[in-house]
Amino acid sequence: MKIKTLIENTSVSPQLHTEAGLSMYVETANHKILFDTGMTGNFVENAEKMGVDLKAVDLVVISHGHDDHGGGLKRFLEINHTAPVYINRHAFRPFYARGTKDLSLEADLKDHPQVILTDDRLELGEGLELFTCNGFTRKHKMGHFGLSTLSEGVHVPDDFRHEQYLLITEGDKKVLFSGCSHKGILNIMEWVQCDVLLGGFHFMLMAVEGEGRAELENAGKQLLTHPTTYYTCHCTGLKQYEVLKSIMGERLQYTATGDEIEI
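So, here's what we can say about the structure. Residues take numbers from 1 onward in each chain, read along the sequence in its written order. Local features in this predicted model are restricted to residues of pLDDT 70 or higher, and side-chain atom pairs are both shown and tallied only at a pLDDT of 80 or more, whereas totals for entire chains, interfaces and linings draw on every residue. Side-chain measures here rest on the full set of heavy atoms in the structure, leaving out hydrogens and waters.

1. Comments concerning the overall build of the chain
Thought 1: Looking only at helices and strands, the chain features 6 helices and 18 strands.
Thought 2: A compact globule built from 263 residues should have a C-alpha radius of gyration of about 18 Å, and the chain, at 17 Å, falls within 12% of that.
Thought 3: Projected onto its principal axes, the C-alpha positions of the chain cover 50 × 45 × 35 Å.
Thought 4: The cut-offs for exposure are 20% and 50% of the maximum accessible area for each residue type, with area from a 1.4 Å probe on protein chains only; residues under the lower value are buried, those over the upper are exposed, and the others partly exposed. Of all 263 residues assigned to the chain, the portion counted as buried reaches 54%.
Thought 5: A separation threshold of at least 6 residues defines the contact pool for the chain, and within that pool the share at least 24 residues apart is 66%.
Thought 6: For the chain, the separation between the mean place of its 25 positive charges and that of its 37 negative charges on side chains is 3 Å. Runs of E in the DSSP output that reach at least two residues are strands. Runs of H or I that reach at least four are helices, and both are numbered from the N terminus. Computation of the radius of gyration draws on C-alpha atoms, with the globule rule given as 2.2 Å multiplied by the number of residues to the power 0.38. Contact definition: two residues touch when any of their heavy atoms are within 4.5 Å. Here Asp and Glu are counted as negative and Lys and Arg as positive; His is not counted, and neither are the chain ends. For this purpose, a charge sits on NZ of Lys, CZ of Arg, CG of Asp or CD of Glu.

Put into structure tokens, the structure is as follows:
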């Protein structure tokens, strides 16, 4: 399995675009997958520079309904006219940060012929599975990070029911992709057994000193209890990553725009 980070907050090269978003290209023995499309269409130019043919992508997964992960979808659909796009049916609700910043996906894309609305679980065949874990107990409380949706015109905390995860099983490896892990990375790791996890941990709002640092260090120790190698990025936060790295060592790596990973 080959994975290329098409866009992320940082980059290994000044020739590649960066943005506060995420898009990854995944190539397995049977599929060419696009996981998220970043905030804009900038991932398209990066893909070309990185030797990724987006016209050849045969399926797309949008991890959740925030525009930093699905904002570039319209640009992709202008290029690729055949790949099905799997998005949870709750992802087209209105979403906000701090009650004012609109994070919503373009509503008209819901009716696009390539878009397939998913529920809590869907087997895509050939070792590909999507699921939300919505019915699972969230033992580790994460809060809602100031993120909200609308219910009868009133802002209510987002419960992230629209967030889905992609599990790829290839050979003896189980590889899990999580866009932002809003339901809690510690919860996700208890729910899903995997050899490798790629995605954001949504720790970027946590303090890196005092009580916040202690919480991060504890999270790192708990992640190490699973036999998993982690590649994180985006909403984990660079300072928070350094704290986790000090605990987790080689079991935790950062993947930036332009990185290529082989599993």
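2. Some details on the nonpolar core
Thought 1: Grouping buried Ala, Val, Leu, Ile, Met, Phe, Trp, Tyr and Cys residues that are joined through side-chain atoms within 4.5 Å yields what is termed a nonpolar core. The biggest cluster of nonpolar side chains holds 49 residues, and the ones touching the most others in it are Leu 176, Phe 177, Leu 198 and Phe 201.
Thought 2: Ranked by residues supplied to this core, first place goes to helix 4 (residues 185-191) with 5 residues.
Thought 3: Other than its neighbours up to four places away in sequence, Phe 201 contacts Met 142, Cys 180, Ser 181, Ile 185, Leu 223, Tyr 230, Thr 232, Cys 235, Thr 236, Leu 244 and Leu 252.
Thought 4: Grouped together as the second largest cluster of nonpolar side chains are 25 residues, Leu 6, Ile 7, Val 60 and Phe 76 included.

3. What about helix 6 (residues 238-248)?
Thought 1: Where helix 6 is concerned, the buried positions are Gln 240, Tyr 241, Val 243, Leu 244, Lys 245 and Met 248.
Thought 2: Looking at the packing, one finds that the buried side of helix 6 touches helix 5 (210-223), strand 16 (229-232) and strand 17 (252-254).

4. Some thoughts on the sheet that holds strand 8 (residues 115-118)
Thought 1: Spatial strand order, 8-5-4-3-2-1-18: 7 strands in an open sheet with mixed pairing. Looking along the sheet, the strands with just one partner apiece sit at the ends: strand 8 and strand 18 (260-262). The mean angle between the axes of side-by-side strands here comes to 25°, regardless of whether they run parallel or antiparallel.
Thought 2: To obtain an axis, a line is fitted to C-alpha atoms, over the contacting stretch when the element is a helix, and the angle between two such axes runs from 0 to 180 degrees between their N-to-C directions. Running over the sheet, helix 1 (residues 42-49) touches strand 1 (2-7), strand 2 (23-27) and strand 3 (32-35) and is turned about 135° from strand 1. Two strands pair if DSSP finds at least two bridges between them.

5. What about the packing of helix 5 against helix 6?
Thought 1: For the pair helix 5 and helix 6, interaxial distance at closest approach is 8 Å and the crossing angle is 45°. Between helix 5 and helix 6, the crossing angle belongs to the class labelled oblique. Classified by chirality, the crossing of helix 6 by helix 5 is right-handed. Contacts between helix 5 and helix 6 involve Arg 213, Leu 216, Glu 217, Ala 219, Gly 220, Lys 221 and Leu 223 from the former and Gln 240, Val 243, Leu 244, Ser 246, Ile 247 and Met 248 from the latter.
Thought 2: Partitioned by chemical class, the residues of the contact of helix 5 with helix 6 number 7 nonpolar, 3 polar and 3 charged. Put simply, angles under 35 degrees are roughly parallel, angles over 145 are roughly antiparallel, angles from 65 to 115 are roughly perpendicular, and the rest are oblique. Crossing handedness is read from the near helix: turned anticlockwise from the far helix by less than a right angle, it gives a left-handed crossing, and turned clockwise, a right-handed one. Lys, Arg, Asp and Glu make up the charged group, whereas Ala, Val, Leu, Ile, Met, Phe, Trp, Tyr, Cys and Pro make up the nonpolar group; the residues left over, Gly among them, are polar.

6. Remarks on the packing of aromatic side chains
Thought 1: Stacked, tilted and edge-to-face are the three classes applied to pairs of Phe, Tyr and Trp rings, where Trp contributes its six-membered ring and a pair requires centres within 6.5 Å; stacked means planes under 30 degrees apart, edge-to-face means over 60, and tilted covers the rest. Inspection of every chain in the model, using the stated rule, returns 7 aromatic pairs.
Thought 2: Look at Phe 35 and Phe 177: their rings are 5.6 Å apart centre to centre, the planes differ by 45°, and that puts the pair in the tilted class. Of the two residues, Phe 35 sits in strand 3 while Phe 177 sits in strand 14 (residues 173-178), which places them 142 residues apart along the sequence. Side by side, Phe 35 and Phe 177 carry an identical accessibility label, which is buried.
Thought 3: Ring geometry for Phe 131 and Tyr 165: centres 6.3 Å apart, planes at 55°, overall tilted.

7. A look at the pattern of salt bridges
Thought 1: We count a salt bridge whenever a side-chain nitrogen from Lys or Arg sits within 4 Å of a carboxyl oxygen from Asp or Glu. Tallying each qualifying case throughout the model produces 8 salt bridges.
Thought 2: Its salt-bridge partner being Glu 45, residue Arg 75 comes within 2.9 Å of it at the nearest N-O pair. Placement of the pair is Arg 75 in helix 3 (residues 73-79) and Glu 45 in helix 1, with a sequence separation of 30 residues.
Thought 3: Arg 75 gets classed as partly exposed once you look at its relative accessible area, which sits at 30%.
Thought 4: On the basis of relative accessible area, Glu 45 is assigned to the partly exposed category, the value being 28%.

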